[in-house]
Amino acid sequence: MRGFLRIWKKFDLEEVEKHLIVVGELSSECYACHHLGLDARDAVCPQCGAAFKYMGFRRHLTMNYLQKLNDELPHMTFIDFEDFKKVRGKRDARRLLDM
Ligand SMILES: [Zn+2]
């Protein structure tokens, strides 16, 4: 039997930011240019051309929905969007201090 487990892995934040799609209840957003109205299955942002490799969620996530997306988008890396916002916030705070 196969199931989903969340893991901790170090990522290059800039790389994630450039290739992240954020899936909401009604539509999805390109994180790089904040273009709204995307479908979770879109491979590329129609506005900025970002190719999506990472997916975060602003909606309640069920295992059935995750399984469906995983079947349709086997190349996608699913990230915890709250984790992402947390580390990004820390990085931005550090940048402010360095200025
Ligand atoms: Zn975009």
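Within each chain, residue numbers correspond to sequence positions counted from 1 in written order. Whole-chain, interface and lining totals are the exception, using all residues; otherwise, since this is a predicted model, local features are given only for residues with pLDDT of at least 70 and side-chain atom pairs are given and counted only at 80 or more. Side-chain numbers come from the whole structure's heavy atoms, not from hydrogens or water.

Chemist: Explain the overall build of the protein to me, using residue names and the numbers behind them.
Modeler: A helix here means a DSSP run of H or I that spans at least four residues, while a strand means a run of E at least two residues long, and both kinds are numbered starting from the N terminus. A count of helical and extended segments in the protein gives three helices and four strands. In sequence order, the secondary structure elements of the protein are arranged as α-β-β-β-α-β-α. Dimensions of the protein along its principal axes, counting C-alpha atoms only, are 50 × 35 × 20 Å. The buried share among the 99 residues of the protein stands at 31%. Residue contacts are defined here by distance: any two heavy atoms, one from each residue, within 4.5 Å place the two residues in contact. Partitioning the intrachain contacts of the protein with sequence separation of at least 6 by distance along the chain shows that 49% fall at a separation of at least 24. Surface accessibility follows the Shrake-Rupley procedure with a 1.4 Å probe radius. Residue values consider only the protein chains on display as shielding. Only carbon and sulfur atoms are counted for the fraction: they give 55% of the accessible area of the protein, which is about 7100 Å². Lys and Arg are tallied as positive, Asp and Glu as negative. Neither His nor the chain termini are counted. Lysine's charge is taken at NZ, arginine's at CZ, aspartate's at CG and glutamate's at CD. Across the protein, 17 positive and 15 negative side-chain charges occur, with their mean positions spaced 4 Å apart. Remark: exposure states derive from per-residue accessible area (1.4 Å probe, protein chains only) relative to the maximum for the residue type, with buried under 20%, exposed over 50%, and partly exposed in between.

Chemist: Explain the coordination of the zinc ion to me, and be specific about the residues and the numbers.
Modeler: Those protein atoms acting as donors to the zinc ion are Cys30 (SG), Cys33 (SG), Cys45 (SG) and Cys48 (SG), and they sit at 2.3 Å. Around the zinc ion, the four donor atoms are arranged such that angles at the metal cover 107 to 112°; this shape is classified as tetrahedral. Sequence spacing of the donor residues for the zinc ion, all on one chain, is C-x2-C-x11-C-x2-C. Donor selection uses N, O and S atoms within 2.8 Å of the metal (3.2 Å for Na, K and Ca). Since no water is included, sites may look incomplete. Irregular is the label for any site that misses the other tests, which are tetrahedral for four donors with all angles between 85 and 135 degrees, and square planar for four donors or octahedral for six when opposite donors exceed 155 degrees and the remaining angles lie between 65 and 115.

Chemist: Could you give me a rundown of the pairing of strand 3 (residues 54-57), with the residues and numbers involved?
Modeler: Side-chain alternation along strand 3 places Tyr54 and Gly56 on one buried face and Met55 and Phe57 on a second face that is also buried. In the sheet, strand 1 (residues 20-23) pairs with strand 3 via four bridges, with the strands oriented parallel. Note that in strand 3 the partner of Val22 across the bridge is Gly56. For two strands to be treated as a pair, DSSP must find at least two bridges joining them. Bridging between strand 3 and strand 4 (residues 77-78) involves two bridges; their strand directions are parallel. Bridging across to strand 4, Tyr54 finds its partner in Thr77.

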